[in-house]
Structures are given as C-alpha cells and as structure tokens.
Amino acid sequence: MGLCLLVLIAIGSLLFWLYQLNKDYFVLAFFAPRVRTKDGRPLESIAPVAKGKTIFGNCFDLYGTNDAEFFQHSRIRAKELRSSYLEYGLGTPIYNIIDADNAELVLNDQSLITKSLIYDFLKPALRTGLLTSTDKKWHSRRKMLTPTFHFNILGQFEEVFKAESLKFVKQFEGQSETDISLSELIPRFTLNSICETAMGVKLDDMAEKGDLYRQNFAMIEKCFIKRLSNPFYWNKTIYEIFEAKDDAPALKIVHDFSSEIIAKRRLLLKEELKQRQNSQTADEDIYINKKQRFAMLDTLIFAEKDGLIDHAGICEEVDTLMFEGFDTTSMGLIFGLMNMSLYADKQELCYQEVSEFIDDDFSNVDINQISKLKYLECFVKETMRMFPSVPIMARQTVRETELANGLIFPARSQITLHVFDIHRNPKYWDSPDEFRPERFLPENSKDRHTYAYIPFSAGQRNCIGQKYAMLEMKTLLIVVLKQFKILPLVDPKDFVFHTGITLRTKNNIKVKTKDGRPVESIAPVVKGKTIFGNSFDLYGKTEGELQLNDCKFVVHNLDNLFVLPAAMFQELRKNAKEIGISYLKYIFGMPIYLIIDAENAELILNDQDLITKAPTYEFLYPALRTGLLTSTDKKWHSRRKMLTPTFHFNILGQFEEIFKAESLKFVKQFQGQSEVLISLSELIPRFTLNSICETAMGVKLDDMAEKGDLYRQNFAMIEKCFIRRLSNPFLWNKTIYKLFGAKNDAPALKIVHEFSSEIIAKRRLLLKEELKQSQNLQTDEDIYINKKQRFAMLDTLIFAEKDGLIDHEGICEEVDTLMFEGFDTTSIGLIFGLMNMSLYADKQELCYQEVSEFIKDDLSNLDINQISKLKYLDCFVKETMRMFPSVPGAGRQTIRETELANGLILPARSQITLHIFDIHRNPKYWDSPDEFRPERFLPENSKDRHTYAYIPFSAGQRNCIGQKYAMLEMKTLLIVVLKQFKILPLVDPKDFFFNIGITLRTKNNIKVNLLFWLYQLNKDYVVLAFFSPRVRTKDGRPVESIAPVAKGNTIFGNSFDVFGTTEAEFFQDARLKAKEVGTSYLEYSFGMPVYNIIDAENAELVLNNPSLITKGLIYDFLQPALRTGLLTSADKKWHSRRKMLTPTFHFNILGQFEEVFKAESLKFVKQFEGQSESDISLTELIPRFTLNSICETAMGVKLDDMAEKGDDYRQNFFMIEKRFVKRMSNPLFWNKTIYELFGAKKDVPQLKVVHEFSSEIIAKRRLLLKEELKQRQNLQTADEDIYINKKERFAMLDTLIFAEKDGLIDHEGICEEVDTLMFGGFDTTSIGLAFALMNMSFHADKQELCYQEVSEFIDDDLSKLDINQISKLKYLDCFIKESMRMFPSVPGAGRQTIRETELANGLILPARCQINLHIFDIHCNPKYWDSPEEFRPERFLPENSKDRHTYAYIPFSAGQRNCIGQKYAMLEMKTFLIVVLKHFKILPLFDPKELVLNVGITLRTNNNVKVKLVRRK
C-alpha cells in the first residue's frame, strides 16, 4: 500500500511538474520552448499558432509527405491563417512569415544572420560555404566574394551568356517548330554558363559529367526533402546511422565534379598567369583587365595563396556557387519561358521591345543595352514573383531575441520566410494569381512595401548573384525571342508545384521517333507522379474502391489481402479512359508501351521479333519456372511444337466426356435442394482443377481432393506475392527480391511444386500400367489416335522424355504452367459467365431455350458437334470474356532496338503491355462497351469489326494453346447447370466486388452453408454493418420509398464513414449526404440503424413522440464530463429534474437576471474604453462573458476572483470536446469498455479541472447562501418566500441546494446539473453571440436597422433596459433568429428508441435505433426557406413566417425535451447586442467565403472569428 501511494505521489508530482513546465514549454512538441510577448498580450494577437495534425504539436505535420504535399502544406496554412504564424516542431518553435512587414523585421535584424536548422541538411553537399556558414566565417567569405560579381565583371560574363544562348538555340537549327523539355535543356545551359563565367572552365569536353552532376544533385535534393519531412532525421546522429549512406554515391559524384573543376581551373590559371607575365606591364592588374573574363574561382585561388582560405574552403564555395548558379537560375528561366508561352500578348510586348533595342546579329547585346529593356525586366520580375526559384528562406535565433512586433523568441527558434506566400499576399498584390508584368512599372510599384518582393532575399544576407542571374536570364530570353515564337504545351490549370531546395516542376521525358515527329503525336507520355517518371506511380498505393463507367469494383481488406491490385487496376483503367489511345510510361530504367487499341495490338502480336515475354513474367519463374508461358526463343518454339497436338480436335472429343462427368458431379452436390446459394469462387476452381488434372494430366483427384484445395490456396498466396513484387519496383531486381522477398514465398511454392510432382509421379505409374494393357489389346494402332482412349498432355511429355526431347525438370515446368492456366483462367471465365447468367435473365432464357432445343435432357447427345450448334451460347460466353477477360493484360519486351510499323522506335528492353481489358471496352470497336450484349458476336454484327478488338486468348504466334479446350469446358458446365437450374442474382452489378492478380478476380470468402444463413439473416439485419437490425415499413412498402439508405464508404455500411475525420470533415459529411439524398435518410452503422432527419415534418413526428425522450448514444460520450444531468438523463430521472428546474427560468427570475446581463455587457465594452477602434477575437472574449453571466445568474457566484480558473475551465472543456468528436468519429470507441481501456485516460486531466471548477462554484454558493439566509431571517416575515422576492436575484443552484435538504436530490445530483447547466449556459449562448456579431459585421444594412430600432426604444444610459423594453425590439429578434437559423449553436440533436417504435410516416424503427435531427440541414432546407444561404432577418416577420412549418426552425429543439433556457439565452444575447450596438459599429475582418464550419458538441469554426469595433460618435 505504501509503495502504491509513493508511486501515485510520484506520478502526480510528475504530472504537476509537466503541467507547470507546459506554460513555458510545449511539452508534447518534445519540450519546444514557447514564444512570448513583450507586453504580456496573448500570443495569438500577434501570431496565431497553427494547429498540429497530432498531439505532438506540428512535429509530424509533414511526416511522410511527398514533394507536392510538402509544398501545398505551407500554401494551405498561409491561406487559412492569413497572417504570419507559429508552429511548434520537435523541440523548437517555428515562426512562419507570410507578410512583408515581418519579413523586413527579420531580414534587417543584425542578430539574425544564422541560417536555420534545415540548412544543416545541405551541409553534406554544400559544406559550410556562403549559403550555410555564419558569424565570422560568413562575413569573411562574403567580403571576399562580393567583388567577383561587380558590374565590370558582369560585363565580361555577358559575352559568355550570349555565346551559350546562341549555342542553346543552335541545337534547333533547321527546324521550323520544336517541342522542348525545359527541365532537361535549361539546367544544362545554366550549368555551362556558371562554370565558364564564375569558374573559368568550359564544359565542352565535360558535358556528360555535367549531366551526371545535375542528375546526382537531384538525388541529393530528394534526400534533403526526405530528411526535412521526417523530424527523426533532423537529428544528425540518427540521420548518419540510418540514411546518410544512401546519399554517399551521389555526394561523391557531385564533389568529384567540383574538384575536377577546381583542378582544371588551377592548371588554366597557371598557364594564363604565365602568358600574362610576358604581355603585361607591372602596373596592370588582372582584376580590372576588361578583356579577360574574370572567374570567381580565381579569387579563391589567389586568396588561398594569401592564406585567407584553404583548399577545403575553396571546395565549399565552389560547391555552393555552382549549385546556386545553375539551379536557381534554371528555375527562373524555365518559368520565364513557360510564361512567355502562356501569355502571348505579354510575349509580343517583350518581342517588340527586344526588336527595338537589340540588333538581329546581337552585336550590340551588352549590359547597357539590356538595361533599356524595361518591359522585359518587368516580365522577369513578375515571373519570379509568381514562381520564386527559392520559395522559402530561413533563419534561427542564437539567443533569446525580441522582434519589433513584440514577439520574444527563445534561442534556436526557427524563422521561415515563405517567399512564395509573401509574393502572393493580396495585401500587397491585387489578384495575386494573375500574371501582370505591369505591376513592376514605376508608377504601379512606388507605394508597394519594399519587402513584398524578395526573390533574392534581402538585407545583409541577400543573394550575392542576383544581378548575375537577372543578366543571364534576360540574355537567353532575348536570344530565344529573336528567333522563336514560344507556344504553350501545358495548361496552367494542370500545373503542379513541388519543392526541393528550390521550386520544382515535373519532367516530361521523351523518346525518339523515326521521322523526328514528337513521340506524343503517336503515343502520348503519361506524366509521372514523381520526378522519377512513372517508376513510383503505384508504389505503396492503397485503394479500396474504384469506379469504372457503370460498374463499381471494390477491394475488401479480408484475409490480409494486399490491396495494391485494385490500385493498379484503377490506375490503368483511368489512364486508358483519359488518354484514349495507346500511350507510353517510363519506369525504372525502361520505357513501357501500353496498348489499348486493336491496330497496335495487331502490330505487336504479329511481329516475329516480339515473342519474348515482359520482365513481369519473370516474377512467375519461382512458381511456373520457364514453361510454355514464360519461355522464349528456341525453347518456346520446341515446347509449342511438342504440345500443340495435345489440344487437337480429336483429343478434345475425348475430354468432353470428362467435362460432362465433372459438370454432373458439380450439380449433384445440390441434389434435393430446390434453391441453393453458391459461392462461385470456392466451387468453380475446384471443378476446373479436377477437369484439367483428369484431362490434360490423366489423373483423377478423387483421392487428392484436400491436396487440390491446398494447391489452389497456396497458388493464391503466390499470386499475392507476384502482385506485391509487381507493385514495388525495388523488388523487380532479382537479387533484392531473393534477399528480402523470396523467403516469404518458399512455403507456398513448396506445396504447389509437391502437388504437381505427385501428379507427374502418379501419371507415370498409371501410364506404365496402361501401356502394359495396351500391348495385349492393340495391334499397330497408336494410342495418340485411338479415339476411345482419353489422351493426357502429360503423356506427350513423358514420351518426349524417352526420346530425349525434354527432361524431368522440363516436364515439371510444363505441368506447373498448364495446370495453373488450365484451372485458373477457365474458372474465372465460368465465374463471370454464371454471374452474367444471373444478372441478365432475358439472355439466360435465350441460352436455355437454345440448349433445350439441341441438347437432350439426359445429356446423351452432349458432344463437340452438338455443342457447336449452340450459337447464342457461344455469343454469350464471348461477350462475358469481352467484358471480363480472364487475363486482362499480356506483355512483351524488345530484345533489341525495334521499329514498329506505326513509326515508333523502341529501345532494347522496352516493355509492351497489351491491355486486353481496355481493348475489349474501347468504344472505337464496341458501341456502349459497358453494356452486356451477346448479340455483338452474331456474324452480321461482327463482320466489320477489327479482328484484334477481341483477344481474350491473346493472338498471333503466342496465342493461348488451350483456347478451344477452355471454351468447350465452359460451355459444357453452363449447359449442365442451365438444364437443371435457373440462375438468380445475389449481387448488384454496380456493387460488384473484384480485384486483379495474374488473372481477373472476384472476392467471396463465404461458404455455401454460411452464405445461405447470412442471406436469410440479411433480410432482417445489415450483416456487414455489424448485424444492424433493419428498419421496416408498416405496410410492407420498400423502406427507400420513405427514407432512402445512404451508401456507405466501405462494405461495412456506414460504420466507418467518418472514421478518422477531422471536425470539419465530420461536419461536411452530414451536409453532403443531406444535399445528395434530399430527404430524411437512413444509415446502418456498427449494429444500429440511424435515421437522419433533415425535414420539419419528420422532426415534428420525433420531437412530439412521448416515447422518444431518451437521448441518442452519442450523449453517453458526454457523461464523463456532464454526468447524467438534464441533458443526458432519461425516464423518471429526467422528468423529476425537469420539473425541479423549470421554475428557475421563470419570467420573474429572468427579470432579475437582466440586471446581471446588463452589468456584464457594460463590463465587456468597458475593456475597450479609450479606444476609437478595436479588433477583437469573438471566440476568445465572448465565452468569457457568457461564463461570467451563467455563473452570476444561475449559479449565484461572481467570477471576479476566479477569472483565471474560468479561463482554465473553458480551455479544458474545449479539449474534452475535441476528444468527444474524436470518439464520435471512431466507432471502435463507441463501446464504453474499449474506450475506457484505450481512450479515457487522456481525458482525466481535463475532466479533473472541469469538475473541480464546478465543485468550487457549488461550495462557494453554499457558503453565500448560508450567509444570505442568515441575513434574511432578520429582515423577512414568516410569510415571505425568497422565490418570489423580485428584488433578489435568484440562483438556479439555490433550488438544487434546497431540494437536497428536502431529500429530492443528493450532492452528486447537484454536481450533474451544475456541470450541465454551466456548460450549456456559457457555450451555446457564446456560439450564438459570436455568429450574431459576425453577421452584424457582414451585413451593414441589417446592422443599421438593428441600431435604429435600439436607438428608438432604448435610452443611451440604458436605464430603461428591461425585459419589457427589449420585447419591443422586433427586428433585433428577427436578426438573432436568422443568425441562429443559419448557424444554430447546436447543429444536431439525437434520440434513440428503447423499444420497437412505429412512426406516423410508416417506418418501424427497431430498439436502439438512433435518430439524428440535423437542425443545420432543416434550417437550410429550401422546402421551407427560399435561398437558404442568404442572410435575411425579414423571414421572421409575422407576415413572412405565418405559413412556415413550425418545426422548420428549432434552434432550441422542440417538444417535451426542448431547451429549458431558451428565453434566458435570447434575453442574454439581445442585452449584449444592445449594449454593443449602443457603443460601437461592428465591421468585418474576414471574408465570409473563408468561413469553415466544423462541429464539436456545438457548432464551431476553423477560423478565429474576429470583428472590428469602431466607437460610435
């Protein structure tokens, strides 16, 4: 016991210490020290704090994001917060600047020259050069290098820029029109320029090394972003242990290149100096020799001789300047040329200006002449405003630092200047997303903030090479404009940014064409999702649901299914639909030609050189080895020749007997059942495996049934591994796969190979016995043509082995291949065939009639000849395989450079994928391709169709050897089934479940007997929604005719529709459903039906139903905070408490409360005394006012000496509310036990603070009441009653205390009601007031009408401000009602049935059915409110509301459980608004379009709602 006590004390002490510490440190953000303000103002009044995505502040906001998401994160934050803001990340505060004023403060602060932590991530590449160094080292290097970019030096560089620009355009010589990839060519130009100018080295003989340098720097940049987005890697030690080794190869190449540049320049400089000694006088100085181009590197080499820098220092600066010099300028040029193409009118103005000042031969291109091009300068500046090469810059404090704006930053605070957002800040730039170079004309920019445009930074650490960059960019643009008109190839709306060290675009990689046409004119190139082409487009992607035309395909995450197949399938279908023609991708070192049309399919399948299967087939080697499917060249030709006869017509005739026998065996299992539900994916593969083994292998599986099932199960596992490898390009490498993936496949491979080996061994014995018998019975006859003898393909292989044509391993290869293909692909065709029979009853009937005509009932005439007469059945099977080809894709690869007939030249190892699924649904060959129409295959309908528009068995020399076998097997089973059964549907084709593996797949893991029970059960319960009982109708009508059922986001009904959503997403989910469905609707969620009401009629039915007073399940989530008070209790307890508390809000009592409301309202406006105008945060100040009011009125306690505790109470209740929403959005936490185990402990600290506050209020009131009663005994007569003493303010809490004395309630009950009323009284009213004041600010005309009315009825000194006078303010009443219509404080209310309940609308709701009244949607329902999104108080004037449904407006609920305090709330709100209107005019501080609503217990906003109060004169 003592030890437990010590542990509890220790834990308590630790928590208290953390609580105290959290005031100065953001503890959960790994003890990030907090930013303070100089004068003690709330931090948010200067810089709002961005909300983190986890409890760890902003530490993990960017964790795992890609480049584009990383970029967008900052843009979204800037847009939402609209001012410079704070974040707390991994032990450090981060100040994010998006405005020019704060940028100026930081960039001009002499103590802020140290670059931020993120620049340390560049040190492996750039070391500590000019960009990353600080203090003395930076000052020394800056001083050393500044002269190297002097005006005179730039004049010499201009010659290089001109020469390189001419070299750039020369590569397009002789072409009247050229498509160029900017991201490929421009960086080459800028790297050449920086090396020849600043480094003094031409790259003519180092071009390949230059390209390698750029490629590897791109890899380094990727690692930089990866490190930046993973806060664990911010720690140098962790990074060096786990990641640094991956960067080493790229770093080596980059450093080797710069070292080679330095070494080369040393030699050149030595030679130049030697020559100079012979030609110069002693007085000449190489630094001012204008004929000599000056290299920055020379300065460093000379400084080395003077002992000012060492070789390592030279390497640092060369690495830094070379990267910055080529990369940032190249981005500026890429965006500059892009903008030239997009804005033809601006390009024309630039061209006209260039034509005026620059000669056609460029002889006068120099700095002076270029300086005359004013419009071109504006154009470049506007480009760099919209697309700054460096979108962010950063600093960090080295000691506690106070900024002029009043913020005090602790040491090591990070300060990030978001240049991109400053450049698009509407405060400085009107219509910032428009491209307008004219912004930079002197007359348009004279009044603009100097720091609103900082593409090269500013202040002491501004970019040393900004003039260099501007000169280089202008020179190239001049030369290009002189010779070319620039036309667009991209739509700016489709433009996607991502960021690295600099702003980035995504590349468009090309391939060559024979005639020089752009590849895209033959085959468009799909844009990759990363800079690595299409290599990682599907890597790690998870998709559960995809839509394709009218069919919806869903993947279930059952049995640990790896869900990538669905994502892959979705991506391919999407590409085919969007692009419309065969197209190209580039993946992991290989181009891939994806064919979706018949013409190109014909080219490929008939090309004699293209018989080698694609590398993806190599992934099948572990299972199928190199059999007929995967082999190539001589081996394939030999095996194909060997096996083709085994599927001869005569052999198939023998197999037909087996197909018939197996089909009869299949239907026999349902004997004696008039109706049976079957699982196709379980039974059909068993049928097809039995068939292939008995036919092609010559072995019956009767005594191997279990082993056959095991074989199939394990092949499914192999297939999953195949897909996992296919979707992860790292595992394409055989060695990597063997190291990291192969061991997982080994157990399944062993079972599969043992099964096939047993089949071979068994057939060897059987064949030996058969041959022995044949010797006694046969003459010269050959068993291969003996029609009475069933022929096994395996026999051919065994005989070939005797002839030395194949060995045992070869037999295993072919058996593995044929057995898999023979059972799997045919089973898929049959599954879809039977499904289509069930879905299309009219087509099934036509098949049945045809079968009945040609096939006898005893099946005695069922043979190949008779089956061939079933023309419609043939069409049916073909149409099934058109829509659902068993093998949806086939692949080839080139083994050498290959020229196709369409003009494409594919390099060796190019991959060619034929998307059979897309060819089969290509509208070029199939009208309405998603319709099932067997008639398409009738001769008259197919005669003009392209032969290769239908290729379910492939085509050409590598077509499927067993296609006739498969068709015969499928038709036989369908005939036998149709003869005995009518096939009815169990699935809706729109909800059809499937995914893709090696073949097209369905998902159905439920056994026949279970499926039958669930089917019956599903009539009364939504089984997948965790057995949620169904709502019924009284008269048997379909439920949907009264209340449609909302479609769930998963197969589990609506159970997980809001799982993991944010408050805003949670709120929007209900809004979207209301909009989509249009009427009150049903959901099925986690074992319960939910009736969602969005109309007044049904709201009236529910709210007036006396049996529906029990609150919904979600109110249980409030019980830890509010316990079972008036809001959450039910039955007798609720009736008792309601009766007890109703008198406490009587009219007479409210009259006494009015004095408090007035006093608190005056106190509110008094805090702005002496200020002519004030910006106020409503979400901060209003709740304080309402909490003070409820405590002084209903509780009888003033909070004057408890202000801080009141603030603490509110803050902690807000945290409780956050967790309430989190619990509400996670159905796993609906269960009380689970929640108490895994979630409740997080609420304890907040609950403690909230309950201690209410307990202190109660205790305080007990003492005050005791004192008051004592005083009363001296003043009152015996007949007087304190309840009707109008001079005495009445406290609701008093009623509870008196009731306690009468034994009607206990102390715990008092706590319940105080917690409930205090929360309800302060929170809901504060929400109503915040929105009302916001609406006052937005609607000045309505505000004025309210003010005029108040002025008319209320004296300026407020002396007559009472209930009677307030009741005369009719328009103010309408205003508040309209505000509460649009923004009801409580946007929803809930009830639940305690027994089966019949509503007047005909619905029968089962017990525990949840009923949600969506007040927000009822209030916006256009059935009752025209233009509901408009704010019109006049709606509530008597003449406009007389015909409106009473329950169309229920902000305080209605019926027996309506809000007890609605008159209290209205009186408080009106009083407050009167006082404010008397003193101030209310102006807006944000655009109403930017308002984002979310929900907690009450209606909330993502915004910090603010208004400006301007004192009335």
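These figures come from a predicted structure and were not determined experimentally.

What follows deals with the overall build of the chain. If you tally the helices and strands in the chain, you get 53 helices and 35 strands. The buried share among the 1513 residues of the chain stands at 56%. Within the chain, contacts between residues at least 6 apart in sequence are counted, and of these 75% link residues at least 24 apart. For the chain, the exposed area adds up to about 68500 Å²; of that, 55% sits on carbon and sulfur atoms.

A separate point is the pairing of strand β28 (residues 1389-1392). What you see with β28 is no split at all: Ala1389 and Arg1391 on one side and Gly1390 and Gln1392 on the other are buried throughout. Two strands pair when backbone bridges link them, and β28 and strand β31 (residues 1410-1413) are joined in this way by 4 bridges, in the antiparallel orientation. Considered in β31, the bridge of Gly1390 is made with Asn1412.

Here we take up a nonpolar patch on the surface. Taken together, the side chains of Tyr63, Phe232, Ile238, Ile241 and Phe242 define a hydrophobic patch exposed on the protein surface, amounting to about 510 Å² of accessible area. By the element assignment, Phe242 lies in helix α9 (residues 236-242).

Turning next to the packing of aromatic side chains. Summed over all chains, the structure comprises 67 aromatic pairs. Aromatic rings pair up to connect Phe1026, Phe1052, Phe1056, Phe1059, Phe1086 and Trp1230 into one cluster. Its guanidinium or amino end placed over the ring of Phe387, Arg424 lies 5.5 Å from that ring's centre, counting from NZ or CZ. The residue whose ring lies beneath Arg1071 is Phe1067, and the NZ or CZ to ring-centre distance is 4.5 Å.

Moving on, we come to the packing of helix α7 (residues 182-197) against helix α18 (residues 466-483). Here α7 crosses α18 at 130 degrees, and the two axes come no closer than 12 Å. By the criterion of interaxial angle, the relationship of α7 to α18 is oblique. In the crossing of α7 with α18, the sense of the turn from one axis to the other is right-handed. Contacts between α7 and α18 involve Ile186, Phe189, Thr190, Ser193, Ile194 and Thr197 from the first element and Tyr468, Glu472 and Leu476 from the second. Here the contact of α7 with α18 is composed, by residue class, of 5 nonpolar, 3 polar and 1 charged.

For Thr972, the location among the structural elements is in helix α35 (residues 963-980). Since its relative accessible area comes to 0%, Thr972 is described here as buried. Within the structure, Thr972 has its side chain in polar contact with the backbone oxygen of Leu968 (distance 2.7 Å). Not counting the four nearest positions on each side in its chain, Thr972 is found in contact with Glu656, Phe659, Lys660, Ser663, Leu862 and Ile867.

Further remarks concern helix α11 (residues 296-305). Among the 10 residues that make up α11, 8 are buried, leaving the element largely enclosed by the rest of the structure. Turning to α11, its buried residues number three or more, namely Met296, Leu297, Asp298, Thr299, Leu300, Ile301, Phe302 and Ala303. At the exit of α11 stands Gly307, carrying a positive phi of roughly 75 degrees.

What follows covers the environment of Asn1421. Tracing the sequence through the fold places Asn1421 in the loop between α51 (1415-1419) and α52 (1438-1441). Under the relative-accessibility criterion, Asn1421 is labelled buried at 11%. A distance of 2.9 Å separates a polar side-chain atom of Asn1421 from the backbone oxygen of Ile1094.

The next subject is the packing of helix α41 (residues 1147-1166) against helix α53 (residues 1462-1479). Viewed as axis vectors pointing N to C, α41 and α53 meet at an angle of 35 degrees, and their least axial separation amounts to 9 Å. Here the hand of the crossing between α41 and α53 comes out right-handed. Contacts between α41 and α53 involve Leu1150, Phe1153, Glu1154, Phe1157, Lys1158, Ser1161, Leu1162, Phe1164 and Val1165 from the first element and Lys1463, Tyr1464, Leu1467, Glu1468, Thr1471, Phe1472, Val1475, Val1476 and His1479 from the second. Partitioned by chemical class, the residues of the contact of α41 with α53 number 11 nonpolar, 3 polar and 4 charged.

Further remarks concern the pattern of salt bridges. Counted by the stated rule, this structure contains 110 salt bridges. Close ionic contact of Lys202 with Glu196 constitutes a salt bridge, the shortest N to O distance being 3.9 Å. By relative accessible area, which is 45% here, Lys202 ends up partly exposed. Across the pair Asp1207 and Arg1184 runs a salt bridge, and its minimum N-O distance is 3.1 Å. Of this pair, Asp1207 sits in helix α43 (residues 1203-1224) while Arg1184 sits in helix α42 (residues 1178-1193), and the two are 23 residues apart along the sequence.

We now examine the side chain of Lys660. Structurally, the position occupied by Lys660 is in helix α23 (residues 649-668). With near-sequence residues (within four places) excluded, Lys660 lies in contact with Leu859, Ser860, Leu862 and Thr972.

What follows concerns the nonpolar core. Nonpolar side chains tend toward joint burial in soluble globular proteins. Ranked by size, the top nonpolar core spans 146 residues in total, and within it Phe1164, Ile1257 and Met1318 carry the most contacts. Those residues within four positions of Ile1257 in sequence are excluded, and the remaining contacts are Cys1191, Met1195, Val1197, Leu1199, Met1202, Leu1293 and Met1318. Grouped together as the second largest cluster of nonpolar side chains are 140 residues, Met144, Val254, Ile334 and Met470 included.

To continue, consider the sheet that holds strand β3 (residues 36-37). What the 3 strands build is an open sheet, ordered β3-β8-β7; its pairing is antiparallel. Here the strands that pair on one side only, and so sit at the sheet edges, are β3 and β7 (401-402). Judged from the 2 bridges that link them, β3 and strand β8 (residues 407-409) form a sheet pairing that is antiparallel. Opposite Arg36, over in β8, you have Ile408 as the bridge partner.

Right, let's get into the sheet that holds strand β24 (residues 1032-1033). Read from one edge of the open sheet, 3 strands run β24-β30-β29, paired in antiparallel fashion. The two strands at the open ends of the sheet, each matched to only one other strand, are β24 and β29 (1397-1398). As defined by bridge partners, β29 adjoins strand β30 (residues 1403-1405) across 2 bridges and the pair is classed as antiparallel. By the bridge assignment, Thr1397 is partnered in β30 with Leu1405.

In the predicted model, the chain carries a mean pLDDT of 86, and the fraction of residues at 70 or more is 89%. When pLDDT is averaged over each element of the chain, helix α50 (residues 1370-1382) comes out on top at 98 and strand β13 (residues 551-554) at the bottom at 27. Here residues 506-517 is modelled with pLDDT under 50, and outside its nearest four sequence neighbours on either side it reaches 35 contacts, counting other chains as well. Low confidence marks residues 1278-1289, where pLDDT is under 50. Its contacts with residues over four positions away, or in another chain, come to 19 contacts.

This brings us to unusual backbone geometry. Of note in the backbone geometry, Phe1026 takes a positive phi value of approximately 60 degrees without being a glycine. Looking at where Phe1026 falls in the secondary structure, it is placed in the loop between β22 (1021-1022) and β23 (1028-1029). Its relative accessible area of 36% is what places Phe1026 among the partly exposed residues. Positive phi outside glycine occurs at Ser1427, with the angle close to 45 degrees.

Parameters at a glance
Residues numbered from 1 in each chain as written. Predicted model: local features only at pLDDT ≥ 70, side-chain atom pairs only at ≥ 80, totals over all residues. Heavy atoms only, no water. Helix = DSSP H or I, 4+ residues; strand = E, 2+ residues; numbered from the N terminus. Buried < 20%, exposed > 50% of the residue type's maximum accessible area, 1.4 Å probe, protein only. Contact = heavy atoms within 4.5 Å. Areas by Shrake-Rupley, 256 points an atom, 1.4 Å probe, with all protein chains shown as cover. Pairing = 2+ DSSP bridges. Patch = residues over 30% accessible without salt bridge, like charges linked within 9 Å, V, L, I, M, F, W, Y side chains within 5 Å. Salt bridge = Lys/Arg side-chain N within 4 Å of Asp/Glu carboxyl O. Phe/Tyr/Trp six-rings, centres within 6.5 Å; stacked < 30°, edge-to-face > 60°. Lys NZ or Arg CZ within 6 Å of the ring centre and 35° of its normal. Axes fitted to C-alpha atoms, helices over the stretch in contact; angles between N-to-C directions. Parallel < 35°, antiparallel > 145°, perpendicular 65-115°, else oblique. Left-handed = near helix turned anticlockwise from the far one by under 90°. Nonpolar A, V, L, I, M, F, W, Y, C, P; charged D, E, K, R; others polar. Polar contact = N/O pair within 3.5 Å; in protein donor to acceptor, adjacent residues only side chain to side chain. Core = buried A, V, L, I, M, F, W, Y, C linked by side-chain atoms within 4.5 Å. pLDDT = per-residue confidence, 0-100.

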